[in-house]
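# Descriptive analysis of the structure
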Amino acid sequence: MDLLDKIRNNAKKHNMRIVLPESLEDRTLEAASILLGDSIAQIILIGKSEEINNRAVELGLQNIHLAQIVDPESYEKMDAYADMMVEIRKKKGLTKDEAFVLLKNPLYLATLMIKAGDADGEVAGAENATGDVLRPAFQYVKTIPGISVVSGAFIMILPDKSFGDNGMIVFADCAVHPDPTANELAEIAVMTAKTTKAIAEMEPRVALLSFSTRGSAKHEMVDKVRTATELARKMAPEFMFDGELQADAAIVESIGKKKAPDSEIAGRANVLVFPTLESGNIAYKLVQRMAKAEAVGPVLQGMAAPINDLSRGCSVNDIVNLVAITANQAAGK
Ligand code: ACO
């Protein structure tokens, strides 16, 4: 059984409540129908029942009647959610009137449902930009205690099975935090190790990448990666981290042996942590296109509850998969 089948089957066992705030977006509605039909998750849609049901009929979708539909205009919890928002953002001076205005935006309402325990996770982004999906999540769901940054991992499934674990290798951060400090990079490495274990079901061997291996180049950017490696080891001694390593030293055994002979990870890394978002985002897209890898994600990590952001070019299948991943994250929380 491949990884995505496993993830879908596992999601079925847990029957989590996943909110899809972009409820009138056709691919999202189609995915919702598949998810409900296959019992992968309970689905919550935000909007007017009549509009959602009419669109489902137009699209020929069979299962939308199984979804819970939350209409912001009549939902009985709006007042309580507005109070929660004012409390959470009191230092920022948010008023209750402003909270009601924000709650009209389904992306805010979805995060408040999660915060209040009325949903277990959220998937959005088929029609909204990353920042618009993430900002409400950052502000109201926030990060896991002890973690200050959210980041995004991709599980790369390569046709060449000699890399990582049988061709599977996890990349991060490819999606969220542009320029991490050493401490933030260490957090990203730790969270990626956890994602690798929980979602990809691999024992993580984490390489923190740079343009230098073991001091072959001297630069403050290299120092940052080395410091991050030391911090990650202290934060999560249960996992294996090594850095700074160049990409070839991390994934090619003969080069790893030559450049870092004492390393347990060099040449056999199954997790690659990139020093900046630029390098991570560029790397995953190049590997996806040039090596014809399947890129599963981004799986957002570090958030106090699972909220995942789709690419606007996503397919129905991508949405189904990301909901299944989100349900797995929610179950493991
Ligand atoms: N983790 C946790 N919280 C964060 C993070 C983070 N990585 N970044 C910002 N925040 C918090 C801030 O602390 C702030 O909280 P506050 O309002 O309580 O003070 C809030 O989020 C807003 O912070 P801003 O600095 O105003 O952040 P902004 O909303 O401008 O930007 C964003 C955040 C949108 C995620 C930005 O970092 C960004 O654009 N990142 C790149 C996203 C992207 O384009 N990725 C590539 C495409 S995705 C792909 O290809 C798969």
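All values reported here derive from a predicted model rather than from experimental measurement.

### Quick look at the overall build of the protein
Counting secondary structure elements, the protein contains 13 helices and 11 strands. Relative to a compact globule of 333 residues, whose C-alpha radius of gyration would be 20 Å, the protein shows 21 Å and is just as compact. Structurally, the protein occupies a C-alpha span of about 65 × 45 × 30 Å along its principal axes. Each of the 333 residues in the protein was classed as buried or not, and the buried ones make up 54%. The contacts in the protein between residues at least 6 apart in sequence include a share of 72% that link residues at least 24 apart. With an accessible surface of roughly 14800 Å², the protein has 51% of that area assigned to carbon and sulfur atoms. Measuring between centres, the 37 positive side-chain charges of the protein sit 5 Å from its 45 negative side-chain charges.

### Concerning the site of the ligand
In the vicinity of the ligand lie 20 residues, with Arg89, Arg135, Val150, Ala175 and Val176 positioned nearest. Here an oxygen atom of the ligand and a side-chain polar atom of Arg135 are 2.4 Å apart. Contact between the ligand and Ala175: a nitrogen atom at 2.8 Å from a main-chain N or O atom of the residue. Considering the ligand on its own, with 990 Å² of exposed area, one finds that the protein chains cover 62% of that surface.

### A closer look at the side chain of Arg8
You can see Arg8 is positioned in helix H1 (residues 3-14). In this structure Arg8 is buried but unpaired, with Asp38 as the nearest side chain of opposite charge at 5.0 Å. Each residue touching Arg8, except ones within four places of it in the same chain, is listed here: Ile40, Asn317, Val320, Asn321 and Ala324.

### Quick look at the domain arrangement of the protein
Domain annotation of the protein identifies domain 1 (3-142 + 304-332) and domain 2 (151-295). Here the C-alpha centre of domain 2 lies 31 Å away from the C-alpha centre of domain 1. Tallying the contact residues gives 10 residues for domain 1 and 9 residues for domain 2. Taking both sides of the interface into account, the surface hidden between domain 1 and domain 2 amounts to around 600 Å²; carbon and sulfur atoms contribute 76%. Taken as a group, Leu3, Leu4 and Lys6 account for 52% of the area that domain 1 buries against domain 2, more than any other trio of residues on that side. A salt bridge links Lys6 to Glu201, with the shortest nitrogen-to-oxygen separation between them at 3.4 Å. Linking domain 1 with domain 2 are 1 residue pair in polar contact (both at pLDDT 80 or more). A total of 4 residues in the side of domain 1 that touches domain 2 trace back to one element, the largest contributor, which is H1. Here the residues of the side of domain 1 that touches domain 2 sort into 6 nonpolar, 3 polar and 1 charged.

### Some remarks on the environment of Asn10
Its location among the elements puts Asn10 in helix H1. By relative accessible area, which is 25% here, Asn10 ends up partly exposed. Asn10 sits 219 residues away from Thr229 along the chain, and the two C-alpha atoms are 33 Å apart. For Asn10, the side chain forms a polar contact with the side chain of Asn328, separated by 2.8 Å.

### Focus: the state of the cysteines
Counted under the stated rule, the structure contains 0 disulfides. The thiol of Cys174 is unpaired, and the distance to the nearest cysteine sulfur, on Cys314, comes to 18 Å. Residue classification places Cys174 among the buried residues on the basis of a relative accessible area of 1%. Overall, Cys314 belongs to the buried group, its relative accessible area being 6%.

### Digging into helix H9 (residues 220-235)
Along an α-helix, a turn takes 3.6 residues, which lines up residues three or four apart on a common side. Along its 16 residues, H9 runs 22 Å from first to last C-alpha, staying within 8% of the 22 Å computed at 1.5 Å per residue. Every buried residue of H9 is accounted for by Val222, Lys224, Val225, Ala228, Thr229 and Ala232. Buried residues along H9 cover an arc of 155° about the axis, so they all sit on one side. Opposite the buried face of H9, at more than 90 degrees from it, the exposed residues are Glu220 and Lys234. Elements in contact with the buried residues of H9: helix H8 (182-198), strand S7 (205-209) and strand S8 (240-245).

### Quick look at the pairing of strand S10 (residues 294-301)
With 6 of 8 residues buried, S10 lies mostly within the body of the structure. Note that strand S5 (residues 151-157) and S10 share 6 bridges and pair antiparallel. Residue pairing in the sheet places Gly152 in a bridge with Leu300 of S10.

### Let's talk about the packing of helix H4 (residues 78-88) against helix H6 (residues 106-115)
The angle between the axes and the distance between the axes are what describe a pair of packed helices. Where H4 meets H6, the axes come as close as 10 Å, and the angle between the chain directions of the two elements is 85°. Relative to H6, the element H4 is oriented roughly perpendicular. Residue-level contacts link Met78, Tyr81, Met84, Met85 and Ile88 of H4 to Tyr108, Leu109, Leu112, Met113 and Lys115 of H6. For the contact of H4 with H6, the per-class residue count stands at 9 nonpolar, no polar and 1 charged.

Cut-offs used in this document
Residues numbered from 1 in each chain as written. Predicted model: local features only at pLDDT ≥ 70, side-chain atom pairs only at ≥ 80, totals over all residues. Heavy atoms only, no water. Helix = DSSP H or I, 4+ residues; strand = E, 2+ residues; numbered from the N terminus. Rg over C-alpha atoms; globule rule 2.2 N^0.38 Å. Buried < 20%, exposed > 50% of the residue type's maximum accessible area, 1.4 Å probe, protein only. Contact = heavy atoms within 4.5 Å. Areas by Shrake-Rupley, 256 points an atom, 1.4 Å probe, with all protein chains shown as cover. Lys, Arg positive; Asp, Glu negative; His and termini not counted. Charge placed at Lys NZ, Arg CZ, Asp CG, Glu CD. Near = heavy atom within 4 Å. Polar contact = N/O pair within 3.5 Å; in protein donor to acceptor, adjacent residues only side chain to side chain. Salt bridge = Lys/Arg side-chain N within 4 Å of Asp/Glu carboxyl O. Domains from an automatic or database assignment. Buried area = accessible area lost by both parts, 1.4 Å probe. Nonpolar A, V, L, I, M, F, W, Y, C, P; charged D, E, K, R; others polar. Disulfide = S-S within 2.5 Å. Expected span 1.5 Å × (residues − 1). Arc of directions from axis to C-beta. Pairing = 2+ DSSP bridges. Axes fitted to C-alpha atoms, helices over the stretch in contact; angles between N-to-C directions. Parallel < 35°, antiparallel > 145°, perpendicular 65-115°, else oblique.

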